[in-house]
Amino acid sequence: KEIPNFLAAIDEGYSFVQGSRFIRGGKNELEWYRRFFSWSANWYSRILMGVYKIHEFTTSYRAFTKELFIRLNLSQIPWKGKSFLFQPAFLYVCISQGAKVKEIPIVFVDRSRGLSKMQIVQYILDLSFFGLRVRLKKSLRFLKFCVVGTVGFIINTIGLEVLVRAHFHPALAGGIGAEFAIISNFLLNNFWTFGENKIIFKKMPLKFLQFNAASFGAVLIQSLTILFGVALIGPTANIFWGSLIMHLPTYRIFYLLGVGLGMIWNYLMYSRVIWK
């Protein structure tokens, strides 16, 4: 009775549709310890794989398009064994290939006969190691992003200081310096941080415009932070360190704050939009 709903969602443009016990209208009618096991496995998958909009990773009640399946790298999916790791792994690989996912609520009832083929201890071990591998891969990408960001930070800072000494307003100087950093960030991120999704040469001009548009949020955050700090405190900030008083230019303090806030914005935009 649910299959027509799956097909209707495919017709709406979704490439991956699945039944879910963990959204409104869904229900899990297994015994309490199996309900807890399912709930734990799904929360673990969401957190370690960094996919928070999906609520169900451990069901095989799914529909997906041929076009999505053709795009998949099936070697990334562990099929062997009886731990059923292929369920969350298959969904993760689909999402990594840009699948548009929809969940449909289902009521999951216990079996009326027979025994489950799942080996629970092996499943826990396999899911744990797979989730950790995904998280380490994501963390490595973030570390690369931080290195690229540090290079951009140096370029941005040099541009800021040079332009301030040329009598530009600190907010404007910060914005121009940030644009120099954006060019560096685009090239290094494309060929290193997000190299597995590298943008080909003929698409780079359009993607660079999109990259600038996405990065404009960080530039705006940085400039507004400096502008706010200078307007609030004045051109000089007094920093008390015990009995020592340091007089620092306000724009430098709020520049660092703006860079930190902009870094969060950039990583979200780069990973979820530009190199999705």
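Structure shown above.
The sections below set out a description of the structure shown in this document.

Rules behind the numbers
Residues numbered from 1 in each chain as written. Predicted model: local features only at pLDDT ≥ 70, side-chain atom pairs only at ≥ 80, totals over all residues. Heavy atoms only, no water. Salt bridge = Lys/Arg side-chain N within 4 Å of Asp/Glu carboxyl O. Helix = DSSP H or I, 4+ residues; strand = E, 2+ residues; numbered from the N terminus. Buried < 20%, exposed > 50% of the residue type's maximum accessible area, 1.4 Å probe, protein only. Contact = heavy atoms within 4.5 Å. Patch = residues over 30% accessible without salt bridge, like charges linked within 9 Å, V, L, I, M, F, W, Y side chains within 5 Å. Areas by Shrake-Rupley, 256 points an atom, 1.4 Å probe, with all protein chains shown as cover. Pairing = 2+ DSSP bridges. Axes fitted to C-alpha atoms, helices over the stretch in contact; angles between N-to-C directions.

**Some words on the pattern of salt bridges**
- Enumeration over the complete set of coordinates arrives at five salt bridges.
- Note that Lys102 is salt-bridged to Glu12, the shortest N-O span being 3.5 Å. Of this pair, Lys102 sits in strand β4 (residues 101–105) while Glu12 sits in the loop between α1 (3–11) and β1 (16–20), placing them 90 residues apart in sequence.
- Looking at Lys102, the relative accessible area reads 26%, which means it is partly exposed.
- Residue Glu161 is joined to Arg165 by a salt bridge in which the shortest nitrogen-to-oxygen separation is 2.6 Å. Taken together, the residues Glu161 and Arg165, both in helix α5 (residues 120–165) and four residues apart, mark about one turn of the helix.
- Owing to a relative accessible area of 16%, Glu161 belongs among the buried residues under this scheme.

**Points about helix α4 (residues 86–96)**
- By the criterion of burial, α4 is predominantly enclosed, with eight of the 11 residues buried.
- Taken together, the buried positions of α4 are occupied by Gln87, Pro88, Ala89, Phe90, Leu91, Tyr92, Val93 and Cys94.
- Each element contacted by the buried residues of α4 is listed here: β1, α2 (32–49), β3 (62–64), α3 (66–71) and α5.
- Of the residues one or two after α4, Gly98 is the one with positive phi, at around 85°.

**Digging into a nonpolar patch on the surface**
- Taken together, the side chains of Trp32, Tyr33, Phe36, Trp39, Trp43, Ile47 and Tyr52 define a hydrophobic patch exposed on the protein surface, amounting to about 840 Å² of accessible area.
- Judged by relative accessible area, Tyr33 falls into the partly exposed class, the value being 42%.

**Digging into the sheet that holds β3**
- Strand order across the open sheet formed by three strands is β3-β1-β4, with mixed pairing between neighbours. Two strands close off the open sheet at either side, each with one partner strand: β3 and β4. In this sheet, adjacent strand axes meet at a mean angle of 20° when their direction is disregarded.
- Running over the sheet, α1 touches β1, β3 and β4 and is turned about 145° from β1.
- Sheet strands touched by α4: β1, β3 and β4. Its angle to β3, the strand with the most contacts, is close to 30°.

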